[in-house]
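If you want the building blocks of each chain, they are given just below.
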Amino acid sequence: MSKRILIVLTSHDDLGGERPTGFYVSEAAHPWEVFRKAGYQVDVASVAGGEAPQDGFDADDPVQREFVETFDLSATARVADLDPAAYDAVFYAGGHGTMWDFPSDPGVARAGREVYENGGVVAAVCHGPAALVDLTLSDGSHLVAGKRVAGFTNAEEAAVGLTEVVPFLLADRLTAAGATHVPGPDFQPQVVVDGRLATGQNPQSAGALAEEVVTLLGR
């Protein structure tokens, strides 16, 4: 039976009143291409279901174009309605919207918890690790506790001028949950793998992160 991967997208479309936001399209599209080429079935879901708001779409990128044409992003499944047992990996795509709805959503947490406890892979890129800041396992411990992780850095948040706009600083919250945040240079690929948890720092890391997920699933 072919392996299945779930890509989870934010449903939040308001960047603190500054401008619209959503999921960053390349952070879902490029991993999807890697997973598809590796022979995996990929499903896409969002926090609330229905419309998955997009950010950063580049119409000149054929992979992004194909992604938005392949999946009906106006009618996504709600992640809470899916059975995590059906998936070998869950991949939390980033985009600033995730900072508002990933941490508090029970469906987002359940997907990661059950996939991980079933022996699967949990992955997240850029702001996608917002899904991990409050994610606890069945024993009450944080999934990220004692693990090395990557995620959008405080320096990168400052560089894009959103330090005072986002509800929290991702690197700080990951650290508060017991993780060791491992920053790389701003806007350069940085992927950190610790056991069956794989994380990437920024959009530039999405493809390489997906390759690591494929490697983990092949073991």
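Here is what the cut-offs are and how they apply
- Residues numbered from 1 in each chain as written.
- Predicted model: local features only at pLDDT ≥ 70, side-chain atom pairs only at ≥ 80, totals over all residues.
- Heavy atoms only, no water.
- Axes fitted to C-alpha atoms, helices over the stretch in contact; angles between N-to-C directions.
- Helix = DSSP H or I, 4+ residues; strand = E, 2+ residues; numbered from the N terminus.
- Parallel < 35°, antiparallel > 145°, perpendicular 65-115°, else oblique.
- Contact = heavy atoms within 4.5 Å.
- Nonpolar A, V, L, I, M, F, W, Y, C, P; charged D, E, K, R; others polar.
- Polar contact = N/O pair within 3.5 Å; in protein donor to acceptor, adjacent residues only side chain to side chain.
- Expected span 1.5 Å × (residues − 1).
- Buried < 20%, exposed > 50% of the residue type's maximum accessible area, 1.4 Å probe, protein only.
- Salt bridge = Lys/Arg side-chain N within 4 Å of Asp/Glu carboxyl O.
- Pairing = 2+ DSSP bridges.

Colleague: Would you explain the packing of helix H1 (residues 25-37) against helix H2 (residues 62-70) in this entry?
Modeller: In a pair of packed helices, the angle between the axes and the distance between the axes together describe the arrangement. Between H1 and H2, whose axes approach to 9 Å, the crossing angle comes to 85°. Relative to H2, the element H1 lies roughly perpendicular. The segment H1 lies against H2, with Val 25, Ser 26, Ala 28, Ala 29, His 30, Trp 32, Glu 33 and Arg 36 engaging Val 63, Gln 64, Glu 66, Phe 67, Val 68 and Thr 70. Considering only residue class, the contact of H1 with H2 consists of seven nonpolar, four polar and three charged.

Colleague: What exactly am I supposed to notice about the side chain of His 96 here?
Modeller: Within the secondary structure layout, His 96 lies in the loop between strand E6 (89-92) and helix H3 (98-101). Among the polar contacts made by the side chain of His 96, one reaches the side chain of His 127 at a distance of 3.3 Å. If sequence neighbours within four positions are ignored, His 96 has contacts with Leu 15, Thr 21, Gly 22, His 127, Glu 157, Val 160, Leu 162 and Val 166.

Colleague: Which parts of the structure should I look at to understand helix H4 (residues 106-117)?
Modeller: Note that an α-helix has 3.6 residues per turn; residues three or four places apart therefore point the same way. Helix length check: H4 (12 residues) gives 16 Å between terminal C-alpha atoms against 16 Å at 1.5 Å per residue, within 8%. Within H4, the full set of buried residues consists of Gly 107, Val 108, Ala 109, Ala 111, Gly 112, Val 115 and Tyr 116. Buried residues along H4 sit in contact with strand E1 (4-9), E6, strand E7 (121-125) and strand E11 (197-200). One side-chain oxygen of the residue at the start of H4 lies 3.0 Å from the amide nitrogen of Gly 107, identifying that residue as Asp 105. Of the residues trailing H4, Gly 119 is marked for its positive phi of about 90°.

Colleague: Looking at this model, I keep getting lost on the pattern of salt bridges. Mind explaining?
Modeller: Two side chains carrying opposite charge are able to pair once their charged atoms lie near each other. Under the counting rule described, the total for this entry stands at seven salt bridges. The partner of Lys 37 in a salt bridge is Glu 33, with the nearest N and O atoms 3.4 Å apart. One end of the pair is Lys 37 and the other is Glu 33, both in helix H1 and four residues apart, which spans about a single turn. For Lys 37, a relative accessible area of 66% gives the class exposed. A salt bridge links Arg 173 to Asp 134; its shortest N-O distance comes to 3.0 Å. Of this pair, Arg 173 sits in helix H6 (residues 170-176) while Asp 134 sits in the loop between E7 and strand E8 (148-149); the two residues are 39 residues apart in sequence, bridging distant segments of the chain. Look at Asp 134 and you get partly exposed, because its relative accessible area is 38%.

Colleague: What's the story with the sheet that holds E1 in this structure? I'm lost.
Modeller: Paired through backbone hydrogen bonds, the strands of a sheet run either parallel or antiparallel to each other. Across the sheet, which stays open at both edges, the seven strands sit in the order E5-E3-E1-E6-E7-E11-E10 with mixed pairing between neighbours. The sheet is open, and its two borders are formed by strand E5 (77-78) and strand E10 (191-194), each paired with just one other strand. In this sheet, E11 lies alongside E7 in parallel orientation, the contact comprising four bridges. By the bridge assignment, Val 125 is partnered in E11 with Gly 200. On the sheet, H4 packs against E1, E6, E7 and E11 and is oriented at approximately 145° with respect to E6.

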